[in-house]
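Now for the letters of each chain:
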Amino acid sequence: VENTTEKTPKRTVRVRLALFFAVVGPGIITAMVDNDAGGVTTYSIAGASFGYSLIWALIPITIALIVVQEMASRLGVYTGKGLADLIREKWGIRVTFYLMIALLVVNFANTLAEFAGWAASLELFGISRYVSVPIGAFVVWIMVARGNYKVVEKLFLIASTIYITYILSGWMAGPDWGQALKEIVVPPVAGQPTAYWITLVGVIGTTIAPWMQFYQQSSIVEKGIKPREYKLAAIDTIIGCIAAVIVATFITVACAATLHKAGINIQFAEQAAKALEPLAGRYASIFFAIGLANASLFAASILPLSTAYTVAEGFGWESGVSKTRKQAPEFHGIYTGMIVVAAAIILIPGVPLIPVIFGSQVMNGVLMPITAYFALQLVNDRKLIGDAVNSKRYNVLAWACVGFGGLGSAIMVTSMLFPSLLG
Amino acid sequence: MIYLTRMLGKPVVDAVGETIGAVSDIAITSGEVFPRVTALAFSGPDKTPFMLSWRKFVEDFDGERVVLSAARPDLRFSYLQPDEVLLHQDLLNKQIVDTQGMKIVRVNDLKLSESRGQLRLLGAEVGTRGLLRGVSPLAERVVVAVAKLLGTDVPEEIIAWNYMELLEKDLSAVKLSVTHKRLHELHPADAADIIEQLTPAQRAKVFEHLDADRVAETISEMNDEMQADVVEDLSEELASDVLEAMDPDDAADIVGDLPYDKAETLLRLMGVKEARQVRKLLGYKEKTAGGIMTPEVTTVTADTTVQDVIEHLRTGAAENENIYYIYVVGPKNALEGVISLRDLIVSPPATKVADIVERDLITVGPDDDQEQVADTMSKYDLLALPVVDEAGRLVGMVTVDDALDVLDEEAAEDLALATGTDPDASAVREWVGRSWNWMIAWAVSGVALAGLLRFFWGRPALFTVSAIFVPLVLRLSEEIASHSLAHMIDTAGGEGARVFLRRFAVDLVAGACLGVASGLVALGLLQAMHEPMAVSAALSLAVGTTVLALAFVGAVLPPLLRRPTGRWRASSTLVTALMGAGGVLLFMYTTVILQNAIGK
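Read on for an overview of the structure. A quick note: this is a predicted structure, and the numbers were derived from the prediction, not measured. (Residues numbered from 1 in each chain as written. Chains lettered and ligands numbered in written order. Predicted model: local features only at pLDDT ≥ 70, side-chain atom pairs only at ≥ 80, totals over all residues. Heavy atoms only, no water.)

### So, the overall build of chain A
Cut-off, in case you're wondering: Counting from the N terminus, the helices are DSSP H or I runs at least four residues long and the strands are E runs at least two residues long. Exposed residues in this analysis have more than 50% of their type's maximum accessible area, buried residues have under 20%, and partly exposed residues fall in between, with area computed by a 1.4 Å probe over protein chains only. Residue contacts follow a heavy-atom distance rule, with two residues in contact if any of their heavy atoms lie within 4.5 Å. Using a 1.4 Å probe, the Shrake-Rupley method yields the accessible areas, and only the shown protein chains count as cover for residues.
In terms of helices and strands, chain A carries 18 helices and 0 strands. Buried positions account for 59% of the 423 residues belonging to chain A. A fraction of 83% describes how many contacts in chain A between residues 6 or more apart in sequence connect residues 24 or more apart. Carbon and sulfur atoms provide 68% of the accessible area of chain A, an area that totals close to 17000 Å².

Below, the structure is given as structure tokens:
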């Protein structure tokens, strides 16, 4: 006998949570990968060199990050298409071609940086890079090549929780919270050296990276999130961005409380992990190193895949991990090629890791305002997304954020390429 | 040849030689294989859009400019007609489905040709040539020239209009030629391959234009992992209609994969009869006869006449998945026998079913392993097998299409293993191939664990290090056990001494290879952990010998466990568990001996 007592479905807490978790993922994962090898390095340097005095900047950066990522996810939800797809359809082949080449180069540099981070962090545990890098490359390759989106997403969400090690590490460093809070509320910007401003720009460049817009939009499309679920997707983005910046804050705090106090300067995140041991204890150091290893591997698995999807999407090549090498040669070529070449370069004896990380951040900085500009044009296209276009007020904020990022990037790149200009 | 990308932006000149705008688009009418260009769109000063009839006003296009046949004041502007498609707006840079090549492609350019004063669309260029031309015509020429030097050719990839299915613009309002191939006219299996590649939003658009039956057929042909996702994305109304239209066994598979709340909602929206069938099927375990069977079975009683049975098939049972077998049941649905469609057709109409029924039946139970069911079907060449519960009641039947899916799924793994008659170590490849992702995960966590151990407690004892290899030994014994079990299934009828010896030799060779391979893996890993050579050598030796010993046991098991009746003395779970436990014990024992030998 059929169940005749039809219950009206009540929106219990459980149902609401289930709804949220059906949408959650893209925002949190993207934001978490943001704290990759390059990110950790930049935040560590900021903390070690300037103590708590740069943390205030993370607040406006969070807002800018949320705005940029929110626009990308809105485009994904309302058009059901990726960013490369939309750029190709609006601006044609030529613009897409140059943008894709740029993205390929920049993302490759970032992948290199991730493998550098992975190699350096495992060397802290006494594992040679000639063991860790091939294994890491293989794990990354197999995980994505063999898994489907749902499985991979779950793995990534689990990996996201490992970032908590940074918070532990920051806590163990025994920071002076009163001092930190004071310098957040009243930023001590007066009379800072040029290096302070350059580091500030570096923090902006590493936090708002161009690949993130492409990746988040594609994963939203892949997940099939619909306009009526958009609010949840926006919450996902906001939570992700805030969580990512909290992690960044703790990384900075950990280095500020110890390295800065002891007057130790660093150039790479792995040095921060090493230097933490005598200052904050063994566990703080281990947590920091685990965090770096996790972040590097996590990002190293997302960047090549995201690039392969984006480029294939822009050029109209067949793509997808379920396609064979014969069916989708370009997709597999890009994906596998990036991993193999990046791993191989890191294994060249005596290859300098620090310039690699440094270079990848510069390139991120150059490309970010360009992709953000495209996204802004698209998100104001009424033909494309109808009433979901930016409001006037939001546009002012968005242009300010892109301008803020663009100006920052311009300063950073200039100072890196012509160090003499800014003294 | 004329390409759209070369045409866009070229000046439009009127009859007196005055430039009045630049080409922004051209329109075709869609009635033919090579459709005629019917309208020219151009933007005048201040970007004002204009449209002109191509036939009435365009005199010539010489590659550099469009010349009109009338002066500016004499032009009569027109509007886009409902049956016109704009090449730039609707096609260029867009994704389309190539319904001949059965894939999704992006339009890089559109190729046109002029013949007898008419401009016609030859097709969409979707290959590298179009891409390069779009970047720069020089790039195209350079690449083609270089390719020529290398002795190859970069061909154009052109898709004709009748093989294009537009994803953006719905052409159902447009009058299409009869030859135009639409996505939903493809075989469901082909359509499924294409739809799998679309994004959820595009998929939803395609499904909007199909009826529930068609959607059901297409979804049934999709990857198992994707089906539930796709159904989840449909509107609830369409989803429940689709599930209703599917074979109940397919519908149950999908409903089983949906989140609980969604599944309940859809079941409630479905028809009472279909929902009940699906609910019943959900009670059976996956990968058993119950999990793949359909409850839609045509049944009759023994006292019916052939005439009545045929009438029953025509009216009541026509939508059942399989009507080649009609089962004869007694009271309480107890299965008594079977008649085939053939029996029915060749018998005189007045014959009683009781006179033609075949009572000697091959049946399976709902909890039987699906692989066994499929093997039984292929052994007796049956199109369907009845599924009967302990009380002898007919609960459903497994049809040949579902059995084929099972063979697809499992034959790839198991039967390749079971027929391991080729001594070129294909069995080893198979083992490694099946377990490598797992092996990598294990190796990584092993190295990480060892690193952490050393970090906290200094160099661990040999026995502690050996614990890292327990999962490997367990996993390998499981593999060897399943290999051995596959043999049992394969040789259920017994095997001759020669066949046995041959297989035994092959298994031992494979076991030796696997032993050496796993020993080497262990050695490499231990070296990576910076263990001393003596420890590394001892442990990898222990791993290798254990694997070899397990392979030997696995090779002699099938004849030992087989009873003359073809049944086995032990269940597969028991064999696997015993092999695992034995393997670990053996490994630990070998380790202790070797530890004493090297004195660490």
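### A look at the overall build of chain B
Of regular secondary structure, chain B possesses 25 helices and 19 strands. For chain B, the proportion of its 600 residues judged to be buried stands at 48%. Entry remark: accessible area of chain B is about 28600 Å², with carbon and sulfur atoms responsible for 57%.

### So, helix 6 (residues 188–196) of chain B
Listed in full, the buried residues belonging to helix 6 of chain B are P188, A191, A192, I194, I195 and E196 of chain B. At its buried positions, helix 6 of chain B is contacted by strand 9 (95–98), strand 10 (103–106), helix 7 (200–208), helix 8 (212–220) and helix 9 (224–233) of chain B.

### Looking at the nonpolar core
Quick reminder of the rule: We call a set of buried Ala, Val, Leu, Ile, Met, Phe, Trp, Tyr and Cys residues a nonpolar core when their side-chain atoms join them within 4.5 Å.
Counting 160 residues, the largest nonpolar core has F115, F288 and F298 of chain A together with F469 of chain B as the members making the most contacts within it. When residues in this core are grouped by element, the largest group, 18 residues, is from helix 14 (residues 282–315) of chain A. Once residues within four sequence positions are removed from consideration, F469 of chain B is found in contact with W442, A522, L525, L526, L539, V543 and F587 of chain B. Core analysis: the second largest hydrophobic core is formed by 50 residues, F207, A212, L243 and V373 of chain B among them.

### Examining the sheet that holds strand 14 (residues 164–166) of chain B
Sheet strands line up and pair through hydrogen bonds in the backbone, either parallel or antiparallel. Residue and element names in this part refer to chain B. The line we're drawing: One requirement defines pairing of two strands: DSSP has to find at least two bridges between them. The axes used here are C-alpha line fits, helices contributing only the stretch in contact, and every angle between their N-to-C directions lies in the interval 0 to 180 degrees.
Spatial strand order, 10-9-14: 3 strands in an open sheet with antiparallel pairing. A strand with exactly one partner marks an edge of an open sheet, and here the two such strands are strand 10 and strand 14. Each strand axis lies, on average, 40 degrees off the axis of its neighbour in the sheet, ignoring direction. Where strand 9 lies against strand 10, 4 bridges are found, and the strand directions are antiparallel. Considered in strand 10, the bridge of Q95 is made with R106.

### Overview of the interface of chain A and chain B
It is common to give the size of an interface as the accessible area that goes away when the parts come together. Formally: Note: buried area is the sum, over both parts, of the accessible area (probe 1.4 Å) each one loses when the two are combined. Salt bridges are defined as contacts in which a side-chain nitrogen from Lys or Arg sits within 4 Å of a carboxyl oxygen from Asp or Glu. Under this grouping Gly is polar, as are all residues other than the nonpolar Ala, Val, Leu, Ile, Met, Phe, Trp, Tyr, Cys and Pro and the charged Asp, Glu, Lys and Arg.
Contacts between the two partners involve 44 residues from chain A, matched on the other side by 36 residues from chain B. When chain A packs against chain B, the two sides together hide about 3600 Å² of surface, and 57% of this comes from carbon and sulfur. Our count for the chain A to chain B interface comes out at 3 salt bridges. Its salt-bridge partner being E89 of chain A, residue R106 of chain B comes within 3.4 Å of it at the nearest N-O pair. Listed by contribution, the elements that provide at least two residues to the side of chain A that touches chain B are helix 1 (13–23), helix 5 (83–123), helix 6 (129–146), helix 11 (210–223) and helix 14 of chain A. The greatest single-element share of the side of chain A that touches chain B, amounting to 8 residues, is contributed by helix 5 of chain A. Within the side of chain A that touches chain B, the residues separate by chemical class into 18 nonpolar, 7 polar and 19 charged.

### Examining a negative patch on the surface
All names here are of chain B. To keep things clear, this is the line we draw: Each patch is built from residues that are more than 30% exposed by relative accessible area and take part in no salt bridge. Like charges join if they lie within 9 Å; nonpolar side chains (Val, Leu, Ile, Met, Phe, Trp, Tyr) join within 5 Å. His is not counted, nor are the chain ends; Lys and Arg add positive charge and Asp and Glu add negative charge. Where a charge sits is defined by one atom per residue type, namely NZ (Lys), CZ (Arg), CG (Asp) or CD (Glu).
A cluster of like negative charges, contributed by D193, E221, D224, E225, D253, D257, E286, D401 and D405, occupies part of the molecular surface. When residues of the negative patch are traced back to their parent elements, those giving at least two are helix 9, helix 11 (248–257) and helix 19 (400–418). Relative to the elements of secondary structure, E221 occurs in the loop between helix 8 and helix 9. E221 sits in the partly exposed class, given a relative accessible area of 40%.

### With respect to the sheet that holds strand 15 (residues 299–300) of chain B
Spatial ordering of the open sheet is given by 15-16-17 (chain B), a layout of 3 strands whose pairing is mixed. Each edge of the open sheet carries a strand with a single partner, namely strand 15 and strand 17 (335–340) of chain B.

### Description of the environment of G82 of chain A
Inspection of the secondary structure assignment puts G82 of chain A in the loop between helix 4 (58–79) and helix 5. Separated by 228 residues in the primary sequence, G82 of chain A and T310 of chain A place their C-alpha atoms 7.7 Å from one another.

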